Amino acid sequence: MARVQRNGGDGTELGRFLRAHRTRVTPEEAGLPSGHGLRRTPGLRREELATLAGVSIDYYTRIERGKETRPSPSVVDALARVLLLDEREHAHLRDLAVCAARTTAPEPATAPTSSVGPGIELLLESLRPNPAVVVSRTMDLLAWNPGGLRLFVGMEQWPAEKRNVARWVFLNPGARTVFDHWEEQIRACVGRLRALAGTDPAAPDLVGLVDELLAESPEFVELWERYDVRAHTHGSKTFHLPDIGDLTLEYQSMQLEGAPGHRLVAHYANPGTPDHDKMILLDMPVTEPDLKPAQEKRN
């Protein structure tokens, strides 16, 4: 089984994560004096991170280069503190440390199920007119109601096996015009894929998708190198939709029990607002134009 490409070819995923985040923290953010020496690269030097975390420079260098694969929980927590990691990033760093410490190869990865039960389809129908979709851990679109699918303008024309949110935002040129903040959407997509690749790099449902995006999207390559694992679970989005106009909806993402990796993403607006009225229009079926000749209609 192939493994997804990563930043460089040396070290471990733990080392790559540390190196990527070390370059993103300025000396001033870490509490060092301004102008702390001449710098040829951005962020903290290895020796600065090691000193602030309370470990030797040699020990930290061995971790980053993949020579030391068993840092203690206290060292991991100290590194997370200096690197200013948020809760999700800190948890991911702990997961990477556990993976690095494995002495045996993990069991061969298998792709999780891509099917949804009739109960989920009934739930999506009952949520109407609220747009809602069910996605896999790699953001394959597994199920939806009418409004949910129409939020991804143009995806209804794609074959079912190609319907993937990450593929749509990066490889469909029209996606840029749909979101008010397209950059936030693509960062969130990469964050989910990056988090999965860190702990399960040979996942069969991940490898092909990431390789495709690395080959075809310069924006994806740039964000992949940053090693950001943050993802959005709730908030608001403003969509620019044909025939509907501007539509601002709140959204909530939630894991579905009994279906590993599957998430329900539901959108909503307060009743009585213009956005709620537009949401109802979004849920209505699209009327196909009647192209039959007049003579045929009379017959």
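Preceding this section is the structure that the text describes.
Model, not experiment: these values are computed from the prediction.

1. Observations concerning the overall build of the protein
Working step 1: Of regular secondary structure, the protein possesses 14 helices and 5 strands.
Working step 2: Burial status across the protein gives 44% buried among its 299 residues.
Working step 3: Residue pairs at least 24 apart in sequence account for 58% of intrachain contacts in the protein once pairs closer than 6 positions are excluded.
Working step 4: Only carbon and sulfur atoms are counted for the fraction: they give 52% of the accessible area of the protein, which is about 15,800 Å².

2. Topic: the pattern of salt bridges
Two side chains carrying opposite charge are able to pair once their charged atoms lie near each other.
Working step 1: Per the counting criterion, the structure on display carries 15 salt bridges.
Working step 2: In this structure, Glu 48 engages Arg 45 in a salt bridge whose closest nitrogen and oxygen atoms are separated by 3.3 Å.
Working step 3: Under the relative-accessibility criterion, Glu 48 is labelled buried at 7%.
Working step 4: Residues participating in the shared-partner salt-bridge network are Arg 19, Arg 22, Arg 46 and Glu 64.

3. Focus: the sheet that holds strand β4 (residues 245-255)
Working step 1: Overall, antiparallel pairing links the 5 strands, which are arranged β2-β1-β5-β4-β3 in an open sheet. The open sheet has two edge strands with one neighbour each: β2 (141-144) and β3 (234-241). On average, adjacent strands in this sheet sit at an angle of 30° to one another, irrespective of strand direction.
Working step 2: As judged from the 3 bridges shared by strand β1 (residues 132-135) and β2, these two strands associate in the antiparallel manner. Of the residues in β2, the one forming a bridge with Val 133 is Trp 144.
Working step 3: On top of the sheet, helix α6 (residues 118-126) reaches β1, β2 and β5 (263-268); it is set at about 155° to β1, its chief contact.

4. A look at helix α10 (residues 182-199)
Working step 1: Taking 1.5 Å as the rise per residue, α10 with 18 residues should run 26 Å; its terminal C-alpha atoms sit 27 Å apart, in good agreement.
Working step 2: With 14 of its 18 residues buried, α10 lies for the most part within the structure.

5. As for the nonpolar core
Working step 1: Residues Val 169, Phe 170, Leu 193 and Phe 220 are the most contacted members of the largest nonpolar core, which totals 42 residues.
Working step 2: In terms of residue count, the dominant contributor to this core is α10 (7 residues).
Working step 3: Setting aside residues no more than four positions away along its own chain, Val 169 makes contact with Ala 175, Phe 179, Trp 182, Ile 186 and Cys 189.
Working step 4: In terms of nonpolar packing, the next biggest core, distinct from the first, is built from 29 residues, Ala 30, Leu 44, Ala 53 and Val 76 among them.

6. Considering the environment of Val 210
Working step 1: Take Val 210: it is sitting in helix α11 (residues 204-216).
Working step 2: Sequence separation between Val 210 and Arg 167 is 43 residues; the distance between their C-alpha atoms is 9.3 Å.

7. Comments concerning the packing of aromatic side chains
Working step 1: The full count for this structure, using the stated rule, is 6 aromatic pairs.
Working step 2: Their ring planes at 50° and their centres at 5.5 Å tell us that Phe 179 and Phe 239 sit as a pair that is tilted. In this pair, Phe 179 is assigned in the loop between α9 (175-178) and α10 and Phe 239 in strand β3, connecting sequence segments 60 residues apart.
Working step 3: Looking at Phe 179, the relative accessible area reads 6%, which means it is buried.
Working step 4: A ring pair is formed by Phe 220 and Trp 224, whose centres lie 5.4 Å apart and whose planes are at 25°; its orientation type is stacked. Of this pair, Phe 220 and Trp 224 both sit in helix α12 (residues 218-226), 4 residues apart, which is roughly one turn of the helix.

8. Observations concerning the environment of Pro 146
Working step 1: Structurally, the position occupied by Pro 146 is in helix α7 (residues 146-150).
Working step 2: Residue classification places Pro 146 among the partly exposed positions, given a relative accessible area of 30%.
Working step 3: Sequence-distant contacts of Pro 146, defined by excluding residues within four places in its chain, comprise Arg 128 and Asp 283.

9. Examining unusual backbone geometry
Working step 1: Residue Pro 129 is bonded to the preceding Arg 128 through a cis peptide linkage, with omega at 10°.
Working step 2: If you check the backbone angles, Leu 84 has positive phi at about 60° while not being a glycine.
Working step 3: Here Leu 84 lies in the loop between α4 (73-82) and α5 (87-100).
Working step 4: Overall, the relative accessible area of 47% leaves Leu 84 in the partly exposed class.
Working step 5: One non-glycine residue with positive phi stands out, namely Asp 243, at about 70°.
Working step 6: The topology assignment puts Asp 243 in the loop between β3 and β4.
Working step 7: Judged by its relative accessible area of 78%, Asp 243 falls in the exposed class.

10. Looking at the environment of Val 178
Working step 1: Here Val 178 shows up in helix α9.
Working step 2: Separated by 61 residues in sequence, Val 178 and Phe 239 have C-alpha atoms that sit 5.3 Å apart.
Working step 3: Excluding residues that lie within four positions of it along the chain, Val 178 makes contacts with Leu 151, Val 153, Trp 168, Thr 238, Phe 239, His 240 and Leu 241.

Cut-off values and rules
Residues numbered from 1 in each chain as written. Predicted model: local features only at pLDDT ≥ 70, side-chain atom pairs only at ≥ 80, totals over all residues. Heavy atoms only, no water. Helix = DSSP H or I, 4+ residues; strand = E, 2+ residues; numbered from the N terminus. Buried < 20%, exposed > 50% of the residue type's maximum accessible area, 1.4 Å probe, protein only. Contact = heavy atoms within 4.5 Å. Areas by Shrake-Rupley, 256 points an atom, 1.4 Å probe, with all protein chains shown as cover. Salt bridge = Lys/Arg side-chain N within 4 Å of Asp/Glu carboxyl O. Pairing = 2+ DSSP bridges. Axes fitted to C-alpha atoms, helices over the stretch in contact; angles between N-to-C directions. Expected span 1.5 Å × (residues − 1). Core = buried A, V, L, I, M, F, W, Y, C linked by side-chain atoms within 4.5 Å. Phe/Tyr/Trp six-rings, centres within 6.5 Å; stacked < 30°, edge-to-face > 60°.

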